Amino acid sequence: MQGRLEGRVAVITGAGSGIGLATARRFASEGARVVAADLNGDAAKATADEVGGDAVTVDVADEQQVRELFDGVVERHGRLDVAFNNAGISPPDDDSILATGIEAWERVMTVNTTSVYYCCKYAIPYMQRQGKGSIINTASFVALLGAATSQIAYTASKGAVLSMTRELGVQFAREGIRVNALCPGPIATPLLMELFAKDPERAARRLVHVPMGRFGKPEEIAAAVAFLASDDSSFMTANTFVVDGGITGAYVTPL
């Protein structure tokens, strides 16, 4: 049986680990030709080697490198069907607004938001030529909730991704290009495990708000991305797709 993405070319940024790596595996299992893009070239190559795809070392905060990423994909493969704009950072110096400096703010906004702008800017023209394409931008459940344990730049950057995605989804809908935002809840990626889970008290403070009582798995997010990339979601665009274990719907969680 053919996969839902059979014969399609899919670019994944941040493909070297976490959600990006899990999605590369899922896309490949669904028949896609995966282009694994990451700032860490070795990690990108490891992902590409595993799934039989291409590896590209790219700094998504650099406009020229992003342009070359998408130009190169179409030069090699003749098409671009899916862009999963997933790369992002959450550095330790992004904290309360009272403690976060402008340098940290600008770095997070550049990597998390401006990079999505670049990726969409240079992916969309190729999709226009085909009359079809799916773009999935990684936002976050934190764009939908407030938190006393603030990461002010990260939160703001993901809120901007939501607004940009809605705009693009509406603008290009009648050209066959779907643009949706993915909002994962707290996921057991290397980044989150380093930030929170190695400290049981910090982990518990977060998990008490999740009705399912656990961190999500990267593979669970990858399944959602595959759905958004495929024709199974053909009537969805400008959408905020939340996969969060119920956290954004919770007031009081189970004991």
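Residues numbered from 1 in each chain as written. Predicted model: local features only at pLDDT ≥ 70, side-chain atom pairs only at ≥ 80, totals over all residues. Heavy atoms only, no water.

- The protein chain has the name 3-oxoacyl-ACP reductase in an unreviewed UniProt entry, where Virgisporangium aliadipatigenens is given as its organism.
- Annotation of the protein chain in UniProt includes, under Sequence similarities (unreviewed entry), the sentence "Belongs to the short-chain dehydrogenases/reductases (SDR) family." (UniProt positions renumbered as here; feature names shortened; annotations may be inferred.)

Considering the pattern of salt bridges
- Enumeration according to the criterion identifies twelve salt bridges in this entry.
- A salt bridge links K45 to D49; the shortest N-O distance between them is 2.7 Å. Here K45 and its partner D49 are both found in helix α2 (residues 41–51), four residues apart, which amounts to about one turn of the helix.
- Salt bridges sharing common partners tie together R4, R26, E30 and D232. (Salt bridge = Lys/Arg side-chain N within 4 Å of Asp/Glu carboxyl O. Helix = DSSP H or I, 4+ residues; strand = E, 2+ residues; numbered from the N terminus.)

Digging into a nonpolar patch on the surface
- Taken together, the side chains of L144, L145 and V242 make up a nonpolar region of the molecular surface, amounting to roughly 200 Å² of accessible area.
- Along the chain, the position of L145 falls in the loop between β5 (133–138) and α5 (152–171). (Patch = residues over 30% accessible without salt bridge, like charges linked within 9 Å, V, L, I, M, F, W, Y side chains within 5 Å. Areas by Shrake-Rupley, 256 points an atom, 1.4 Å probe, with all protein chains shown as cover.)

Let's talk about the pairing of strand β1 (residues 9–13)
- For β1, the buried fraction is high: five of the five residues fall into the buried class.
- Note that β1 and strand β2 (residues 33–38) share five bridges and pair parallel. The residue bridging A10 from the neighbouring strand is V34, located in β2.
- A crossover links β1 with its parallel partner β2, the connecting element being helix α1 (residues 18–29), and its sense is right-handed.
- Where β1 lies against strand β4 (residues 82–85), three bridges are found, and the strand directions are parallel. Across the sheet, residue V11 finds its bridge partner in β4, namely A83. (Buried < 20%, exposed > 50% of the residue type's maximum accessible area, 1.4 Å probe, protein only. Pairing = 2+ DSSP bridges. Right-handed = clockwise from strand over helix to strand, strands pointing away.)

Some points on the nonpolar core
- Formed by 35 residues in total, the largest nonpolar core has its most connected members in L69, F70, L80 and I135.
- Looking at this core, the elements that each hand over two or more residues are β1, β2, α3 (63–77), α4 (102–130), α5 and β6 (177–184).
- Among all residues touching L69, those that are not within four sequence positions of it are V11, T13, V35, A37, V56 and V58.
- Grouped together as the second largest cluster of nonpolar side chains are 24 residues, F27, V34, I187 and A224 included. (Core = buried A, V, L, I, M, F, W, Y, C linked by side-chain atoms within 4.5 Å. Contact = heavy atoms within 4.5 Å.)

Examining the sheet that holds β4
- Spatially, seven strands are ordered β3-β2-β1-β4-β5-β6-β7 in an open sheet, and the strand pairing comes out parallel. Either end of the sheet is taken by a strand with one partner, and the two such strands are β3 (54–57) and β7 (240–243). Taking the axes of each pair of neighbouring strands and ignoring which way they run, one obtains an average angle of 20 degrees across the sheet.
- Where α5 meets the sheet, its contacts fall on β5, β6 and β7, and the angle it forms with β6 comes to roughly 160 degrees.
- Packing of helix α8 (residues 218–229) onto the sheet brings it into contact with β4, β5, β6 and β7, and relative to β6 it is tilted by some 165 degrees. (Axes fitted to C-alpha atoms, helices over the stretch in contact; angles between N-to-C directions.)

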